[in-house]
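# What the coordinates show
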Amino acid sequence: GQQVMQIPQYQHVQEGEDFTTYCNSSTTLSNIQWYKQRPGGHPVFLIQLVKSGEVKKQKRLTFQFGEAKKNSSLHITATQTTDVGTYFCAGCAAGNKLTFGGGTRVLVKP
Amino acid sequence: GAGVSQSPSNKVTEKGKDVELRCDPISGHTALYWYRQRLGQGLEFLIYFQGNSAPDKSGLPSDRFSAERTGESVSTLTIQRTQQEDSAVYLCASSFNRGNEQYFGPGTRLTVT
């Protein structure tokens, strides 16, 4: 079945620095979604990418969908303490089934 | 409008007892999902409902787990003869249709003693 892998599993970043987290699917996707879960909270939808090579920005967050529509990345610039949480990607493939990755847990050092 | 709601927010039960968790999806959302999230872990898919179609039960970990949904309304997840390894947060989500963005409820934290 479809598998979605995220790396790294943990990301320790100094406040003010940039980092990137990656999402890779075993199958070609029709779309990819990103969610953020704050500590103690529930996942909240951030964005959806549909087109090959698509890039979308939300303030300091930049999301990219790979040309082959099998991978995606999330880049955060000038990390802030409000960025703490777990970022999940979710790939939508055959039958519109959404499969979540294992998440990247982001910890920010002030 | 109102988001996805779940009840109870917390449930402590003794090993061997049955529990029932409830989810109220967003009105008009045809798709409903249940996930399990153990402490510090990712989202483990349990079951998916789409309208009146047969549910996708492929994620249910054992026959102690079952879920029901009538049409596009409330869903209940039942765990029979609870075990300590069932302790987790159970999250419900709904979406307009399968493949659309999912809206999650606050979850039910289940503790089996």
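My aim in this report is to walk through the structure given alongside it, one point at a time.

In this structure the tally under the stated criterion is 9 salt bridges over all chains. In this structure, Lys-17 of chain B engages Glu-14 of chain B in a salt bridge whose closest nitrogen and oxygen atoms are separated by 3.7 Å. By relative accessible area, Lys-17 of chain B is classed as partly exposed at 44%. For the salt bridge of Arg-64 of chain B with Asp-86 of chain B, the shortest nitrogen-to-oxygen distance reads 2.8 Å. Linking Arg-64 of chain B in the loop between β5 (44-50) and β6 (65-69) with Asp-86 of chain B in the loop between β7 (75-79) and β8 (88-95), this pair joins segments that are 22 residues apart in sequence. If you follow the salt bridges from partner to partner, you end up with Lys-97 of chain A together with Asp-56 and Arg-98 of chain B in one network.

Overall, the coordinates contain 11 aromatic pairs over all chains when judged by the stated rule. Between Tyr-35 of chain B and Phe-104 of chain B, the ring centres sit 5.6 Å apart and the planes meet at 35°, which makes this aromatic pair tilted. A residue pair is termed long-range when its members are at least 10 positions apart, and Tyr-35 of chain B in strand β4 (residues 31-37) and Phe-104 of chain B in strand β9 (residues 103-104) qualify at 69 residues. The same class applies to Tyr-35 of chain B and to Phe-104 of chain B, which are both buried. Taken together, Tyr-35, Phe-45, Phe-88 and Phe-100 of chain A together with Tyr-33, Tyr-35, Phe-45, Tyr-48 and Phe-104 of chain B form an aromatic cluster joined through their ring pairs. Here the basic side chain of Arg-105 of chain A rests over the ring of Tyr-10 of chain A, its NZ or CZ set 5.9 Å away from the ring centre. Against the face of Tyr-48 of chain B rests Arg-98 of chain B, its NZ or CZ located 4.0 Å from the ring centre.

We now examine the interface of chain A and chain B. The interface of chain A with chain B comprises 17 residues on the first partner and 17 residues on the second. Roughly 1300 Å² of surface becomes buried between chain A and chain B when both sides are summed, with 53% attributable to carbon and sulfur atoms. At the boundary of chain A with chain B, the tally comes to 1 salt bridge. Asp-56 of chain B is paired through a salt bridge with Lys-97 of chain A; the nearest N and O atoms lie 3.9 Å apart. Joining chain A to chain B, the criterion identifies 6 residue pairs in polar contact (both at pLDDT 80 or more). Where the side of chain A that touches chain B is concerned, the elements lending two or more residues are β4 (31-37), β5 (44-49), β9 (85-92) and β10 (98-100) of chain A. When residues of the side of chain A that touches chain B are assigned to their parent elements, the largest contribution, 4 residues, is made by β4 of chain A.

Residues and elements named next belong to chain B. With respect to the secondary-structure elements, Ala-67 resides in strand β6. The exposure class of Ala-67 is buried, given its relative accessible area of 15%. Along the chain, Ala-67 and Gly-99 lie 32 residues apart, while their C-alpha atoms are 21 Å from each other. Excluding anything up to four places from it in sequence, Ala-67 contacts Trp-34, Ile-47, Phe-49, Thr-76 and Leu-77.

About the cut-offs
Residues numbered from 1 in each chain as written. Chains lettered and ligands numbered in written order. Predicted model: local features only at pLDDT ≥ 70, side-chain atom pairs only at ≥ 80, totals over all residues. Heavy atoms only, no water. Salt bridge = Lys/Arg side-chain N within 4 Å of Asp/Glu carboxyl O. Buried < 20%, exposed > 50% of the residue type's maximum accessible area, 1.4 Å probe, protein only. Helix = DSSP H or I, 4+ residues; strand = E, 2+ residues; numbered from the N terminus. Phe/Tyr/Trp six-rings, centres within 6.5 Å; stacked < 30°, edge-to-face > 60°. Lys NZ or Arg CZ within 6 Å of the ring centre and 35° of its normal. Contact = heavy atoms within 4.5 Å. Buried area = accessible area lost by both parts, 1.4 Å probe. Polar contact = N/O pair within 3.5 Å; in protein donor to acceptor, adjacent residues only side chain to side chain.

So yeah, pure geometry; function would need other evidence.
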